[in-house]
Amino acid sequence: MSKSIDFHQTDNNTKQLRILTGVVKRLGKEKFHYLEEIELNTVEIEKLREAGKDKHDMKQTIAVLDETKLVIPVTERKFIEAYQKLDELVKAGLRYTTEYKDAVQVGIGVHQGHAPSSIELS
């Protein structure tokens, strides 16, 4: 028995899929950027210390480093939330389609050592 597909809902799911994929990519890039910024600022502070600069001269770099350290957990939480929503959308939106079921069957069959062309599909 196959479940009928609401094409309007499928279009909405596709749109949401693109949006959430973009959000996950953006948040991943942001986290990576913040980690790089921490590394660069840490190196900069060490250079300033080695050069004998006083704490006042390092104040701005230390402030940027501290702020960046505070932003990473927030970005990580947002990334996890967006990824979970994306995962739920994929699972909910595709599990009733014939294409998804066929893909799963082929994946299981290939994993068990069968050629894709020999696997009976629905």
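Refer to the structure printed above.
Residues numbered from 1 in each chain as written. Predicted model: local features only at pLDDT ≥ 70, side-chain atom pairs only at ≥ 80, totals over all residues. Heavy atoms only, no water.

**Section: the overall build of the protein**
(1) Moving on: Looking only at helices and strands, the protein has three helices and zero strands in total.
(2) Moving on: Listed by position from the N terminus, the elements making up the protein come as α-α-α.
(3) Moving on: Among the 122 residues that make up the protein, the fraction classed as buried is 18%.
(4) Moving on: Nonlocal contacts in the protein, meaning residues at least 24 apart in sequence, comprise 60% of its contacts between residues at least 6 apart.
(5) Moving on: Entry remark: accessible area of the protein is about 9,600 Å², with carbon and sulfur atoms responsible for 57%. (Helix = DSSP H or I, 4+ residues; strand = E, 2+ residues; numbered from the N terminus. Buried < 20%, exposed > 50% of the residue type's maximum accessible area, 1.4 Å probe, protein only. Contact = heavy atoms within 4.5 Å. Areas by Shrake-Rupley, 256 points an atom, 1.4 Å probe, with all protein chains shown as cover.)

**Observations regarding the side chain of Thr61**
(1) Moving on: Residue position: Thr61 is located in helix 2 (residues 55–94).
(2) Moving on: For Thr61, a relative accessible area of 16% translates into the label buried.
(3) Moving on: Not counting chain neighbours up to four residues away, the residues in contact with Thr61 comprise Asn41, Glu44, Ile45 and Leu48.

**Side note on the nonpolar core**
(1) Moving on: In this structure, Ile38, Ile45, Leu48, Met58, Ile62, Leu65 and Ile72 together form the largest nonpolar core, which totals seven residues.
(2) Moving on: Listing elements by their share of this core, those giving two or more residues are helix 1 (7–50) and helix 2.
(3) Moving on: Element by element, the count of residues in this core is highest for helix 2, at four residues.
(4) Moving on: Not counting residues up to four positions away in its chain, the partners in contact with Ile72 are Tyr34, Leu35 and Ile38. (Core = buried A, V, L, I, M, F, W, Y, C linked by side-chain atoms within 4.5 Å.)

**Focus on the side chain of Asn41**
(1) Moving on: Structurally, the position occupied by Asn41 is in helix 1.
(2) Moving on: When neighbours within four sequence positions are excluded, Asn41 is seen to be in contact with Thr61, Val64 and Leu65.

**A word on the pattern of salt bridges**
(1) Moving on: As enumerated under the stated definition, the model contains four salt bridges in all.
(2) Moving on: Glu46 is the partner of Arg49 in a salt bridge, and the nearest nitrogen-oxygen pair spans 3.1 Å. Placement of the pair is Arg49 and Glu46 together in helix 1, with a separation of three residues, close to one helical turn.
(3) Moving on: Under the relative-accessibility criterion, Arg49 is labelled partly exposed at 47%.
(4) Moving on: The residue Glu81 makes a salt bridge to Arg77 at a minimum N-O spacing of 3.3 Å. Highlighted residues: Glu81 and Arg77, both in helix 2, separated by four residues, approximately one helical turn. (Salt bridge = Lys/Arg side-chain N within 4 Å of Asp/Glu carboxyl O.)

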